[in-house]
Each structure stands twice: as C-alpha cells, then as structure tokens.
Amino acid sequence: MPEPWTGGCQCGAVRYEIEPLEVLTLYCCHCRECQRQAASGFGMSMLLRRRGFRLLRGALRNWSRPADSGGVNRANFCPSCGVRIFHEGGEGSAVISLKAGSLDDTGRLRPVGHIWTRSAQPWVHLAAGMLRYEGQPDTDDALIAAYRDTRD
C-alpha cells in the first residue's frame, strides 16, 4: 500500500492526508471560476473517493453556489487563510474534487487532461496527447481511464 500523500492550507491551520489509491483522476480546469480561485491561468482538480480523504488538523468552513450542471458546488476552505481544500457536490458526496495545488508534493502530479479549454488563457500551451474538452465533459469516464493507465 503506498504511503498517504499529505497537504494543507497556506497558513498551516488545516492539514490532511489522502490515500493515493483512492485518486480517480487529475486534470486542469480552465474555467473562469478556477482561474479566479487559483489567481492563475487554471486550477488542478483531483477527483478522489471521499473515503480516501482524512482531515488531520483544523476545521473547514464552506459555502455553496449553484453549479452550471444545475446541482450544487460546495467549496471547503481554511477559515484562517481562505485556501480551498476541496469541492464537493453536496454534503455526503462519494467523490470530492481536491484542489491538487494544496498537496505538499505537487512534483509527482501528472494531469491527464484539460477541461473548459475554450476559456484557456492564450499563453497557456496544452501538451499534445492529453484529453481536451472545450467545456464540461458529459462524464469523467475517459479522464478516469486515462489516469488509471498512468498507474498501471
């Protein structure tokens, strides 16, 4: 069993660990909301089974907003420094979207695709051979399969 990966917020009040075998996929999102949230050209989203996430220290605050899908997007963040830790489709979601930049070791991360590329900044160059979607994909199946292939 691989060692857990650790992460946390900028101020150190929140610490967590994840089980790498519970990671479903990792991709870059170029939507305007992720750009705004990351204060950068894109955000990295790591889909993870909730059972693979464990809060080690601190507490998370959250706020919700309507998602483009018609559902709810609930953001969980550090109440002290505001760093987003993960998003979920609502309390009790089986899968969360970990903000992968909050991991301690981001050097091991290898995204398999890009979503919302129609909003990508013109200076961002997308690597050849990666999955690309102009908007939100209908399913995450191809992104999950591509990530699984990187682990085999």
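Caption draft 1: Inspection of the overall build of the chain at higher detail. Secondary structure summary: the chain contains two helices and 11 strands in total. Secondary structure elements of the chain, listed N to C terminal, follow the sequence β-β-β-α-β-β-β-β-β-β-β-β-α. Taking 152 residues into account, the globule formula puts the C-alpha radius of gyration at 15 Å, and the chain, at 15 Å, falls close to it. Expressed along its principal axes, the backbone C-alpha trace of the chain runs to roughly 40 × 35 × 30 Å. A buried classification covers 41% of the 152 residues belonging to the chain. Considering only intrachain contacts with a sequence separation of at least 6, the fraction spanning at least 24 residues in the chain is 54%.

Caption draft 2: Just the sheet that holds strand β7 (residues 72–77), in detail. On the basis of which strands lie adjacent, the open sheet formed by eight strands has the order β6-β7-β8-β9-β4-β3-β10-β11 and mixed pairing. Edge positions in the open sheet fall to β6 (61–66) and β11 (131–132), since each of these has one partner strand only. Sheet analysis places strand β4 (residues 43–49) next to strand β9 (residues 95–99), joined by five bridges and oriented antiparallel. From the neighbouring strand, R49 faces β9, where its bridge partner is V95.

Caption draft 3: Layout of the pattern of salt bridges. Applying the stated rule across the entire model yields eight salt bridges. Notably, a salt bridge pairs E88 with R50, separated by 2.1 Å at the nearest N-O pair. Of the two residues, E88 is situated in strand β8 (residues 84–88) and R50 in the loop between β4 and β5 (53–57); the sequence distance between them amounts to 38 residues. What makes E88 buried here is its relative accessible area of 6%. In this structure, R108 and D105 form a salt bridge, with 3.3 Å as the shortest nitrogen-oxygen distance.

Caption draft 4: Layout of the pairing of β4. Summarising burial for β4: five of the seven residues are buried, a large majority. One ladder, built from six bridges, connects strand β3 (residues 23–29) with β4; its direction is antiparallel. The residue bridging V23 from the neighbouring strand is L48, located in β4.

Caption draft 5: Inspection of the layout of surface pockets at higher detail. Approximately 800 Å³ is the volume found for the largest pocket. Looking at the largest pocket, it is lined by 31 residues, and the ones nearest its centre are Y27, R65, A67, N73 and Q136. Looking at the lining of the largest pocket, the elements with two or more residues in it are β3, α1 (32–38), β4, β7, β8 and β9. Among the elements that take part in the lining of the largest pocket, β9 stands out by supplying four residues, more than any other. Among the residues making up the lining of the largest pocket, the classes are represented as 13 nonpolar, 10 polar and eight charged. Size it by volume and the second largest pocket reaches roughly 370 Å³. Around the second largest pocket, the lining is made up of 17 residues, and of these Q37, A38, K99, G101 and S102 lie nearest the centre. When residues of the lining of the second largest pocket are assigned to their parent elements, the largest contribution, three residues, is made by α1. Residues belonging to the lining of the second largest pocket are distributed by class as follows: seven nonpolar, eight polar and two charged.

Criteria and cut-off values
- Residues numbered from 1 in each chain as written.
- Predicted model: local features only at pLDDT ≥ 70, side-chain atom pairs only at ≥ 80, totals over all residues.
- Heavy atoms only, no water.
- Helix = DSSP H or I, 4+ residues; strand = E, 2+ residues; numbered from the N terminus.
- Rg over C-alpha atoms; globule rule 2.2 N^0.38 Å.
- Buried < 20%, exposed > 50% of the residue type's maximum accessible area, 1.4 Å probe, protein only.
- Contact = heavy atoms within 4.5 Å.
- Pairing = 2+ DSSP bridges.
- Salt bridge = Lys/Arg side-chain N within 4 Å of Asp/Glu carboxyl O.
- 1 Å grid on protein atoms, 1.4 Å probe; cavity = no way out; pocket = protein on both sides within 12 Å on 5 of 7 lines; lining within 4 Å.
- Points joined across faces, edges and corners; volume = space filled by probe spheres on them.
- Nonpolar A, V, L, I, M, F, W, Y, C, P; charged D, E, K, R; others polar.

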